[in-house]
Amino acid sequence: RLAEGPARLEVFAVALTDLDGATPELLAELNALNGRAGPARWACSGGQVLAVGDLPVKAVDPAALAALHDAVGRAAAETGTLLAAAYGGTASVDAPGGREWCRQRYGEMLLTVEARPGEWVALNGTAAGEAPLPTPLHVICAAPGPDPDDAVARLAGEVWARRLPLLASRARVPDGWYGEDGIAVAGLSRQEAADLARRHGREELFEVTDDAVLLISTGSPRVTSLPRWAPAPGRRAAS
């Protein structure tokens, strides 16, 4: 939004939600944060703590705006977790729609690949079968956008240029209401696959091994191990 006074553009991110009220201790903490140098100012309003950054309108360009957006979002994510531990409420990254919440939901995706035309093989869940390409197999979804087919084609084209084996892939949430198409590729190291995914606008990808699905972050060393084989309904998982 445009701030009052000399023309400045404000960017804000929610750091903390579900607050019962602004306690004197929380306000003192925010005042202390505002006294330090950093990319954001801090405010409490309507049961939320906000991180706010701004730029003079004359200085706004795509690179500056993207840098401010990333800095304010990162400050909100990191500080919100600390504030929640000390003063209650829910850190925005853990709230529904927050970054951590979204990552956890992404890790619940059911993965399938097209082993032959029209024949789809599940890679995880109760219907999981053997991977039709050598493992580790990396599943990279095309970035959402106005033309998902073109995004998949560009992703596949880069892999074809290296003459690596690949298959069409689908990732769907368990109830099927949302999904993303992409590719499954063999023959890449984890770092090579992460670099490929990042070049195509993805923050995560999946690595399928013989006994697990790993959720890989492309911008950090974070790796989350998820079960590949799920017990059939009515059967207990092995301990």
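The structure this text deals with has already been given above.
Residues numbered from 1 in each chain as written. Predicted model: local features only at pLDDT ≥ 70, side-chain atom pairs only at ≥ 80, totals over all residues. Heavy atoms only, no water.

(A) Molecular detail of the packing of aromatic side chains. Taken as a whole, this structure holds two aromatic pairs when the rule is applied. Taken together, a centroid distance of 5.6 Å and an interplanar angle of 45° make the contact between tryptophan 177 and tyrosine 178 tilted. Note on tryptophan 177: relative accessible area 65%, which makes it exposed. A cation sits over an aromatic face here: arginine 170 above tryptophan 120, 4.0 Å from the ring centre. (Phe/Tyr/Trp six-rings, centres within 6.5 Å; stacked < 30°, edge-to-face > 60°. Buried < 20%, exposed > 50% of the residue type's maximum accessible area, 1.4 Å probe, protein only. Lys NZ or Arg CZ within 6 Å of the ring centre and 35° of its normal.)

(B) Looking closely at helix 1 (residues 24-34). For helix 1, the complete set of buried residues consists of Leu26, Leu30 and Leu33. Down the axis of helix 1, the sector holding all buried residues measures 55°, keeping them to one side. When the buried face of helix 1 is taken as reference, the exposed residues oriented beyond 90 degrees from it are Pro24 and Asn31. Contact partners of the buried residues in helix 1: strand 3 (41-45), strand 4 (48-56) and helix 2 (62-87). (Helix = DSSP H or I, 4+ residues; strand = E, 2+ residues; numbered from the N terminus. Arc of directions from axis to C-beta. Contact = heavy atoms within 4.5 Å.)

(C) The nonpolar core, seen in detail. Counting residues in hydrophobic clusters, the biggest one holds 22 residues, and the most contacted among them are Leu16, Leu26, Leu30, Trp42, Val49, Ala51 and Leu83. Top element by residues in this core is helix 2. It accounts for seven residues. Residues within four places of leucine 26 in sequence aside, it is in contact with Leu19, Cys44, Val49, Leu83 and Tyr87. (Core = buried A, V, L, I, M, F, W, Y, C linked by side-chain atoms within 4.5 Å.)

(D) Expanded view of the layout of surface pockets. One number sums up the size of the largest pocket: a volume of about 1200 Å³. Lining the largest pocket are 43 residues, and of these Arg99, Glu100, Cys102, Glu203 and Glu204 lie nearest its centre. Taken together, the elements giving at least two residues each to the lining of the largest pocket come down to strand 2 (8-17), helix 2 and helix 3 (99-106). The dominant element in the lining of the largest pocket, judged by the number of residues it contributes, is helix 2, at eight residues. (1 Å grid on protein atoms, 1.4 Å probe; cavity = no way out; pocket = protein on both sides within 12 Å on 5 of 7 lines; lining within 4 Å. Points joined across faces, edges and corners; volume = space filled by probe spheres on them.)

Keep in mind these values describe shape, not function.
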